[in-house]
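Coordinate analysis (summary)
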Amino acid sequence: MSKLHIKKGDTVYVNAGEDKGKTGRVLSVLVKEQRAIVEGINMVSKSTKPNAKNPQGGIVKKEAPIHISNLNPLDPKSGKATRIGRKKNEAGVSVRYSKKSGEEIK
C-alpha cells in the first residue's frame, strides 16, 4: 500500500462534501479505511447512555471519519490547499513538499 498524503497533526482543507471549504487539524488517520478524523469536520450526533464522564447521558456531537480523497493539505507559504510531492532532502530523508510553492511540509 502506498503512503498517504496526510498525517496526524496536518492542517487540511476539505474539498468535497457537506463541509466543503472548511479547514481543520487532523486528529487521527485510519490507514486501512483510507479515512481521517478532522477537528470540527463531519460532525455527527451520537446517543450516549449515562456514564461517569457524562452522568446525564443524551446526545453528543463528535467527529466522524472523512475519506482522505476529500482532503488536501494546506500550503505552508500561502495557506491555500495544495497537492503534495515527495523528495529526498540534503540529509537523504524523504520529505513531503507543496507542489504550489515547493516549500517543505513539516
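Since the model is a prediction, treat every value here as computed from it, not as a measurement.

Reading guide: rules and limits
- Residues numbered from 1 in each chain as written.
- Predicted model: local features only at pLDDT ≥ 70, side-chain atom pairs only at ≥ 80, totals over all residues.
- Heavy atoms only, no water.
- Helix = DSSP H or I, 4+ residues; strand = E, 2+ residues; numbered from the N terminus.
- Rg over C-alpha atoms; globule rule 2.2 N^0.38 Å.
- Buried < 20%, exposed > 50% of the residue type's maximum accessible area, 1.4 Å probe, protein only.
- Contact = heavy atoms within 4.5 Å.
- Areas by Shrake-Rupley, 256 points an atom, 1.4 Å probe, with all protein chains shown as cover.
- Lys, Arg positive; Asp, Glu negative; His and termini not counted.
- Charge placed at Lys NZ, Arg CZ, Asp CG, Glu CD.
- Pairing = 2+ DSSP bridges.
- Domains from an automatic or database assignment.
- Buried area = accessible area lost by both parts, 1.4 Å probe.
- Salt bridge = Lys/Arg side-chain N within 4 Å of Asp/Glu carboxyl O.
- Polar contact = N/O pair within 3.5 Å; in protein donor to acceptor, adjacent residues only side chain to side chain.
- UniProt positions renumbered as here; feature names shortened; annotations may be inferred.

1. As for the overall build of the chain
The helix and strand inventory of the chain stands at zero helices and ten strands. Mapped in sequence order, the helices and strands of the chain form the string β-β-β-β-β-β-β-β-β-β. Taken over C-alpha atoms, the radius of gyration comes to 17 Å for the chain, far larger than the 13 Å a tight globule of 106 residues would show. With the principal axes as the frame, the chain shows a C-alpha extent of 55 × 25 × 25 Å. Counting the 106 residues in the chain, one finds 27% classified as buried. Sequence separation of at least 24 residues holds for 38% of the intrachain contacts in the chain that already meet a minimum separation of 6. Split by element, the accessible area of the chain, about 7,300 Å² in all, is 50% carbon and sulfur. Each charge sign in the chain was given a centre, from 23 positive and 10 negative side chains, and these centres are 4 Å apart.

2. Some details on the sheet that holds strand 2 (residues 23-30)
One open sheet holds the five strands; their spatial order is 6-3-2-1-7, and the pairing between them is antiparallel. Each edge of the sheet is formed by a strand with only one pairing partner; in this case those strands are strand 6 (66-67) and strand 7 (71-73). Inspection of the sheet shows strand 3 (residues 35-38) paired to strand 6 by two bridges, in the antiparallel sense. In the sheet register, Arg-35 faces strand 6, and the bridge partner there is His-67.

3. Points about the domain arrangement of the chain
Where the parts come together, the accessible area they lose is often given as the size of the interface. Structurally, the chain comprises domain 1 (1-73) and domain 2 (75-105). Taking the mean C-alpha position of each, domain 1 and domain 2 sit 24 Å from one another. The interface is formed by nine residues belonging to domain 1 together with nine residues belonging to domain 2. With both chains or domains summed, domain 1 and domain 2 bury close to 640 Å², and 50% of this area falls on carbon and sulfur atoms. Our enumeration of links across domain 1 and domain 2 arrives at one salt bridge. A salt bridge links Asp-10 to Arg-96, with the nearest nitrogen and oxygen atoms 2.9 Å apart. If you look at where domain 1 meets domain 2, you find five residue pairs in polar contact (both at pLDDT 80 or more).

4. Regarding the UniProt feature "domain: KOW" (unreviewed entry) in the chain
Within this numbering scheme, the UniProt entry marks residues 5-32 as carrying the feature "domain: KOW" (unreviewed entry). Split by type, residues 5-32 is 0% helix and 43% strand. Its first and last C-alpha atoms lie 14 Å apart.

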